[in-house]
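Now for the letters of each chain:
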Amino acid sequence: VLRPTGSGSSSAGGGGAAAVPAVVPGTELEQLHFDAAAERAAANRARRADKRLLSGTEPAEDEVTLLYELAEDQLRRRIQQREEHEALFWAGSVSTAGRPRQPSGEAAAVAPVPISRTCRSHLAIMHRQDRNNANNIFGGHLLRLAAELAYSTAVLHAGRHCEAVAMGDVAFKQPVPIGCVLEMRAKVVYTAGHLMRVTVVATKHQQLVQTRATGLQSSVTNDFTFVLAAVGSQPLRPVEPESLREALQYLAAHRQHTADGYCAPALMLQHGMEHVLLAGERAAQGS
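Remember, it's a predicted structure, so these values are computed and weren't measured experimentally.

Caption draft 1: Highlighting the pattern of salt bridges. Counted according to the given criterion, the structure contains three salt bridges. Two residues, Lys173 and Asp223, come together in a salt bridge whose shortest N-O distance is 2.7 Å. Here Lys173 is found in the loop between β4 (171-172) and β5 (181-192), whereas its partner Asp223 is found in strand β7 (residues 217-230), with 50 residues between them in sequence. Residue Asp223 is classed as partly exposed on the basis of its relative accessible area, which comes to 24%. Across the pair Arg185 and Glu183 runs a salt bridge whose closest N-O atoms are separated by 3.0 Å. Judged by relative accessible area, Arg185 falls into the partly exposed class, the value being 44%.

Caption draft 2: Geometry of the packing of aromatic side chains. Using the criterion set out here, one finds three aromatic pairs in the structure. A ring pair is formed by Phe224 and Phe226, whose centres lie 6.3 Å apart and whose planes are at 20°; its orientation type is stacked. Phe226 gets classed as buried once you look at its relative accessible area, which sits at 8%. An aromatic cluster is present here, built from Phe172, Phe224 and Phe226 joined pairwise through their rings.

Caption draft 3: Quick look at the nonpolar core. Grouped together as the largest cluster of nonpolar side chains are 34 residues, with contacts concentrated most on Met126, Met184, Met196, Val198, Val200 and Phe224. With residues near it in sequence (within four places) discarded, Met196 still touches Ala154, His157, Ala158, Cys162, Val188, Tyr190, Thr191, Phe226, Val227, Leu228, Ala230 and Leu236.

Cut-offs and rules
Residues numbered from 1 in each chain as written. Predicted model: local features only at pLDDT ≥ 70, side-chain atom pairs only at ≥ 80, totals over all residues. Heavy atoms only, no water. Salt bridge = Lys/Arg side-chain N within 4 Å of Asp/Glu carboxyl O. Helix = DSSP H or I, 4+ residues; strand = E, 2+ residues; numbered from the N terminus. Buried < 20%, exposed > 50% of the residue type's maximum accessible area, 1.4 Å probe, protein only. Phe/Tyr/Trp six-rings, centres within 6.5 Å; stacked < 30°, edge-to-face > 60°. Core = buried A, V, L, I, M, F, W, Y, C linked by side-chain atoms within 4.5 Å. Contact = heavy atoms within 4.5 Å.

Written out as structure tokens, the structure is:
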């Protein structure tokens, strides 16, 4: 096992990434794994270079239509709810709290959920036993915390067991020091059939000892994206944005979902992950 003496996020070694010796495959099986890893790396670089996948790019015509339809449906539902509330009020059927009756049956099952209502958070103190060679928190520990929060968020939204399908780009923006309070916030930003995309943003809160400033300094350290699938035949409740920021996150997730080649009708998780794997293989063969 080759272990570098530094990391790209550490400033102890001059701020640069540590040089790792190259590996050479020695068998046919190792050559297959080597070539497959090279293809995946090239595909990831090409995907990151695609400007349409960036949330800051201008929406295309079909994407503007998608956002417009989401806003139009949301406005139509609000108008319908207000009309139903007024009808119940004049009919004397409104509750003492002045709230209309909740929809039941299929109407309640397919009602979209605001993205903000799926948000879940987790606070944790970073301890020394989870440090790496640079005396910062090990990236694998941060990844485990993010994956657990993403799974919990997906289960609470789906109301049933979910299985991990894929992990998107992981951004390590800043090192996480020992002793700081790490806050992770997760939310479901996109749903398609039985699949959902959950984003997790990690923020560190720490007091700067070397300065006399009071209070805490907060900064974003990591961004995670996970794709999870709900097991069962019942489709997921869709999510909808309620602000411009959420609309951009929804649009970025929609672009990524389309670029990854997922087909929602084919991913029917009635028996487990084999349906997702088979659908992914068919999508890869078709491309």
